[in-house]
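Breakdown of the fold
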Amino acid sequence: MSGLALFGGTPVRRELLPYGRQLLHDDDVAAVLAALRSDWLTQGPRVAAFEAAFAARTGARHAVAFSSGTAALHGAVHAAGVGPGDEVVTTPITFCATANAVLYAGGVPVFADVDPERLLLDPDRASALITPRTRALLPVDYAGHPAAMDAFATLAARHGLCLIEDAAHSVGASLNRRPVGSLARMTTFSFHPVKHIATGEGGMVTTDDDDLAQRLRRFRNHGLSTEAGQRRDGVAWRYDLVELGCNYRLTDVAAALGTSQLRRLDANLARRRDLAARYAAAFADLPAVRCPTVAADATSAWHLYPVRFDVARLGTTRDTVIAALRAEGIGVNVHYVPVPSLSLYRNRGYRAEDCPNAAREAEQLVSLP
Ligand SMILES: *Cc1c(COP(=O)(O)O)cnc(C)c1O
């Protein structure tokens, strides 16, 4: 123990290894420069090209780009018709943006508990919380592992609900050989630099539904009846504002980066899979460290590598484990503090104890780089 950097020893790394960050190649830089030198910084052809490439990759009919993963979630929740008082069943083990998107629409997030093994929203517990006010189900592919999408699709069909999958962690993952992006009515993605594909800020919604795609495009463009591209190409100068939308457009500069990054998705997934396997092998003999597992019918995109430390067994605290690893230059983090226990949600009457699996397991979580 005295050799630990926390107690004055030499750190194993001189520079902090972040838990996740972008990988940029020269062709990414060239793609961005070409966009900067083009006629279109935004609302140009590179956004459409990124959308087409992303739709092809995920097996979806439509892909609609947004300015962030959060904006994509907001767009999807809006397109699903969620309005004031409508309930959306989601998971406590996620980034706050998932539940916040429901609040933006005036809806009410309802947190169902997760399964204690993979910390994914439990379909049976979600089912038990469906009421006449429920409008949508919003599972999250935590850490890159697809949620139980078949069970949620059945549940959504039975109750007439819209199924939205938050796939911010799972681009490139699959379930029963079907790619994430074609499993739900709408699937949302993020291109924040810690995710697999970086555009700075950026997001996407995929869907097979023509009407939903149109609603998504309109919502990201203020609620205007036509997009600038259509006005440019057609004769009509007329436009109308048909609903209150937002400006959630992705720029062509970001889209150029996205298309370039998407070409290396398979290589990035292979690298993450390799690192996950090395972690699992390295920790196989440490009973106090519980590694994430992948179901037989799934592949994970391995956005995160969250291990659970049995700190009672180790006779320490999670804070000490995290401080010790950071002192060594290992940039560990916690994903996540359960959303119901965040002040905004607590002040609205949510209680972490209502999702006991999430509350208990989250106490042990530490994400490795
Ligand atoms: C990153 C993330 C988001 C939000 O994406 P941004 O692009 O950062 O807005 C939403 N949900 C989950 C689960 C995420 O990890």
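Structural notes, computed from the coordinates. Here the structure is a predicted model, which is why all the values come from computation and not from measurement.

**What about the side chain of Thr-91?**
- Mapped onto the fold, Thr-91 is located in the loop between strand 2 (87–90) and helix 4 (96–104).
- Polar contacts involving the side chain of Thr-91 include one to the main-chain amide nitrogen of Ile-93, which spans 3.0 Å.
- Among residues more than four places away in sequence, those in contact with Thr-91 are Phe-111, Ala-112, Val-114, Leu-121, Leu-138 and Val-140.

**Focus: helix 6 (residues 149–159)**
- Considered for burial, the residues of helix 6 that qualify are Met-149, Phe-152, Leu-155 and Ala-156. Buried residues along helix 6 cover an arc of 120 degrees about the axis, so they all sit on one side. Exposed and oriented more than 90 degrees from the buried face of helix 6 are Ala-157 and Arg-158.
- The elements touched by buried residues of helix 6 are helix 5 (123–128), strand 4 (134–138), strand 5 (162–166) and strand 6 (174–175).
- Two residues or fewer after helix 6 comes Gly-160, characterised by a positive phi angle close to 65 degrees.

**Description of the pairing of strand 1 (residues 62–66)**
- In terms of burial, strand 1 is largely enclosed, as five of its five residues are buried.
- Pairing of strand 1 with strand 9 (residues 203–207), which is carried by five bridges, proceeds in the antiparallel orientation. Opposite Ala-65, over in strand 9, you have Met-204 as the bridge partner.

**So, the sheet that holds strand 5**
- Read across the sheet, seven strands follow the order 1-9-8-5-4-2-3 without closing on themselves; strand pairing throughout is mixed. The sheet is open, and its two borders are formed by strand 1 and strand 3 (108–111), each paired with just one other strand. Adjacent strand axes in the sheet meet at a mean angle of 25 degrees, parallel and antiparallel pairs treated alike.
- Its contacts with the sheet put helix 4 on strand 2, strand 3, strand 4 and strand 5, and the angle it makes with strand 3 is roughly 145 degrees.
- Where helix 6 meets the sheet, it contacts strand 4 and strand 5, and its direction lies at approximately 155 degrees from that of strand 5.

**Let's talk about the packing of aromatic side chains**
- What the rule picks out here adds up to 14 aromatic pairs.
- Consider the rings of Phe-54 and Phe-191, whose centres lie 5.6 Å apart with planes at 75 degrees: the pair is edge-to-face. Placement of Phe-54 in helix 2 (residues 45–58) and of Phe-191 in the loop between strand 8 (186–190) and strand 9 is noted, with a sequence separation of 137 residues between them.
- Between Phe-111 and Tyr-350, the ring centres sit 5.2 Å apart and the planes meet at 75 degrees, which makes this aromatic pair edge-to-face. With a gap of 239 residues between them, Phe-111 in strand 3 and Tyr-350 in the loop between helix 13 (343–346) and helix 14 (356–362) connect regions that are remote in the sequence. The pair Phe-111 / Tyr-350 is uniform in exposure class, with both members buried.

**Points about the pairing of strand 12 (residues 305–309)**
- Counting buried positions over the five residues of strand 12 gives five, a clear majority of the element.
- The two faces of strand 12 match: Tyr-305, Val-307 and Phe-309 on one face and Pro-306 and Arg-308 on the other face are all buried.
- Relative to strand 13 (residues 365–368), strand 12 runs antiparallel, the two being bridged by four bridges. Within strand 13, the residue paired with Pro-306 across the bridge is Ser-367.

**Quick word on the site of the ligand**
- Near the ligand lie 17 residues; those nearest to it are Gly-69, Thr-70, His-169, Ser-190 and Lys-195.
- In this structure, Thr-70 approaches the ligand through a side-chain N or O atom, which is 2.5 Å from an oxygen atom.
- At a separation of 2.9 Å, a nitrogen atom of the ligand approaches a polar side-chain atom of Asp-166.
- Notes on the ligand: free accessible area 380 Å², of which the protein chains cover 92%.
- For the shell around the ligand, the secondary-structure elements that each account for two or more residues are helix 3 (69–79) and helix 4.
- At three residues, the largest contribution of residues to the shell around the ligand is made by helix 3.
- A per-class count over the shell around the ligand returns six nonpolar, nine polar and two charged.

**Digging into helix 9 (residues 252–262)**
- Taken across its 11 residues, helix 9 has 10 buried, putting it largely inside the fold.
- Among all positions of helix 9, only Asp-252, Ala-254, Ala-255, Ala-256, Leu-257, Gly-258, Thr-259, Ser-260, Gln-261 and Leu-262 are buried.
- Residues of helix 9 that are buried make contact with helix 1 (26–36), helix 2 and helix 10 (265–282).

**Here's the deal with the pattern of salt bridges**
- The tally for this structure, following the rule as stated, stands at 18 salt bridges.
- A salt bridge links Arg-57 to Asp-266, with the nearest nitrogen and oxygen atoms 3.0 Å apart. Pair noted here: Arg-57 is in helix 2 and Asp-266 is in helix 10, with a separation of 209 residues, a long-range link.
- By relative accessible area, which is 29% here, Arg-57 ends up partly exposed.
- The network of salt bridges with shared partners includes Asp-27, Asp-28 and Arg-264.

Rules used throughout
Residues numbered from 1 in each chain as written. Predicted model: local features only at pLDDT ≥ 70, side-chain atom pairs only at ≥ 80, totals over all residues. Heavy atoms only, no water. Helix = DSSP H or I, 4+ residues; strand = E, 2+ residues; numbered from the N terminus. Polar contact = N/O pair within 3.5 Å; in protein donor to acceptor, adjacent residues only side chain to side chain. Contact = heavy atoms within 4.5 Å. Buried < 20%, exposed > 50% of the residue type's maximum accessible area, 1.4 Å probe, protein only. Arc of directions from axis to C-beta. Pairing = 2+ DSSP bridges. Axes fitted to C-alpha atoms, helices over the stretch in contact; angles between N-to-C directions. Phe/Tyr/Trp six-rings, centres within 6.5 Å; stacked < 30°, edge-to-face > 60°. Near = heavy atom within 4 Å. Areas by Shrake-Rupley, 256 points an atom, 1.4 Å probe, with all protein chains shown as cover. Nonpolar A, V, L, I, M, F, W, Y, C, P; charged D, E, K, R; others polar. Salt bridge = Lys/Arg side-chain N within 4 Å of Asp/Glu carboxyl O.

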